[in-house]
Amino acid sequence: MTDATPTPDATPTPPVRDVFEYALLRVVPRVERGECINAGVLVYCRARSVVVARTHLDEARLLALDPGADVPGVRAALNAVGGVCRGGADAGQAAGDDAGRRFRWLIAPRSTVVQPGPVHTGLTCDPVAEADRLLDLLVR
């Protein structure tokens, strides 16, 4: 006969939350005017080696700022950001870089039509879901 010792109720372990960084992608159709619309978000989580972009271009808002805006060109630039995030052949010169280097390259200041905003930080259990949440909150 064995002595059965009652076990305490297992307390659920909270999910692991990791630090992440994010930056908005802004479309500035006329750089000299400085007007912009948010068109995407970049999310980087070092602990999970993840860099991801989510984009959404509101053409009507873009054309309200600049009726002559190159919408296909802006879409191509936003798609290129996604390619850099994915890495590999789609990343061009950044193909061999790790996620952190690709994120740093994407957030470097530039004076083109698609520009990164300032970098912010937070905690997340799922960096990919965080990108979707931030896109809904800050872009759409």
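This report concerns the structure included in the present document. From a predicted model like this one, the values you see are computed outputs, not experimental measurements.

Along its length, the protein chain carries 4 helices and 4 strands. Helices (α) and strands (β) of the protein chain occur, in sequence order from the N terminus, as β-β-β-α-α-α-β-α. Against the globule reference of 14 Å for 140 residues, the protein chain gives a C-alpha radius of gyration of 20 Å, more extended than a compact globule. Across its three principal directions, the C-alpha atoms of the protein chain cover 85 × 35 × 20 Å. The 140 residues of the protein chain split such that 38% are buried. Look at the contacts in the protein chain between residues 6 or more apart in sequence, and 61% of them connect residues 24 or more apart.

With that out of the way, let us pick up the nonpolar core. By size, the foremost hydrophobic cluster in this structure holds 25 residues, and its most contacted members are V27, L42, L57, L62, V74 and L78. Only β1 (18–27), β2 (37–45), β3 (50–55), α2 (71–86) and α3 (99–107) provide two or more residues apiece to this core. Of the residues forming this core, the biggest block, 6 residues, is contributed by α2.

Applying the stated criterion across every chain, the model contains 9 salt bridges. Ionic pairing is found between R33 and E35, a salt bridge with its closest N-O pair at 3.0 Å. Between D132 and R54 there is a salt bridge; the shortest N-O distance is 2.6 Å. Taken as a pair, D132 in helix α4 (residues 127–138) and R54 in strand β3 lie far apart in primary sequence, 78 residues in all. Under the relative-accessibility criterion, R54 is labelled partly exposed at 25%.

Its 12 residues place the ends of α4 16 Å apart at the C-alpha level, agreeing with the 16 Å of an ideal helix rising 1.5 Å per residue. Restricting attention to buried positions, one finds in α4 the residues P127, E130, A131, L134 and L135. Here the buried residues of α4 occupy an arc of 140° about the axis, which is enough to place them on one side. Of the surrounding elements, those touching the buried residues of α4 are β1, β2, β3 and β4 (114–124). Its side-chain oxygen at 3.2 Å from the backbone nitrogen of V128, D126 defines the N-terminal cap of α4.

If you add up the space inside the largest pocket, you get close to 170 Å³. Broken down by element, the residue count for the lining of the largest pocket peaks at 4 residues, all from α2. Within the lining of the largest pocket, the residues separate by chemical class into 9 nonpolar, no polar and 1 charged.

What counts, and where the lines are drawn
- Residues numbered from 1 in each chain as written.
- Predicted model: local features only at pLDDT ≥ 70, side-chain atom pairs only at ≥ 80, totals over all residues.
- Heavy atoms only, no water.
- Helix = DSSP H or I, 4+ residues; strand = E, 2+ residues; numbered from the N terminus.
- Rg over C-alpha atoms; globule rule 2.2 N^0.38 Å.
- Buried < 20%, exposed > 50% of the residue type's maximum accessible area, 1.4 Å probe, protein only.
- Contact = heavy atoms within 4.5 Å.
- Core = buried A, V, L, I, M, F, W, Y, C linked by side-chain atoms within 4.5 Å.
- Salt bridge = Lys/Arg side-chain N within 4 Å of Asp/Glu carboxyl O.
- Expected span 1.5 Å × (residues − 1).
- Arc of directions from axis to C-beta.
- Polar contact = N/O pair within 3.5 Å; in protein donor to acceptor, adjacent residues only side chain to side chain.
- 1 Å grid on protein atoms, 1.4 Å probe; cavity = no way out; pocket = protein on both sides within 12 Å on 5 of 7 lines; lining within 4 Å.
- Points joined across faces, edges and corners; volume = space filled by probe spheres on them.
- Nonpolar A, V, L, I, M, F, W, Y, C, P; charged D, E, K, R; others polar.

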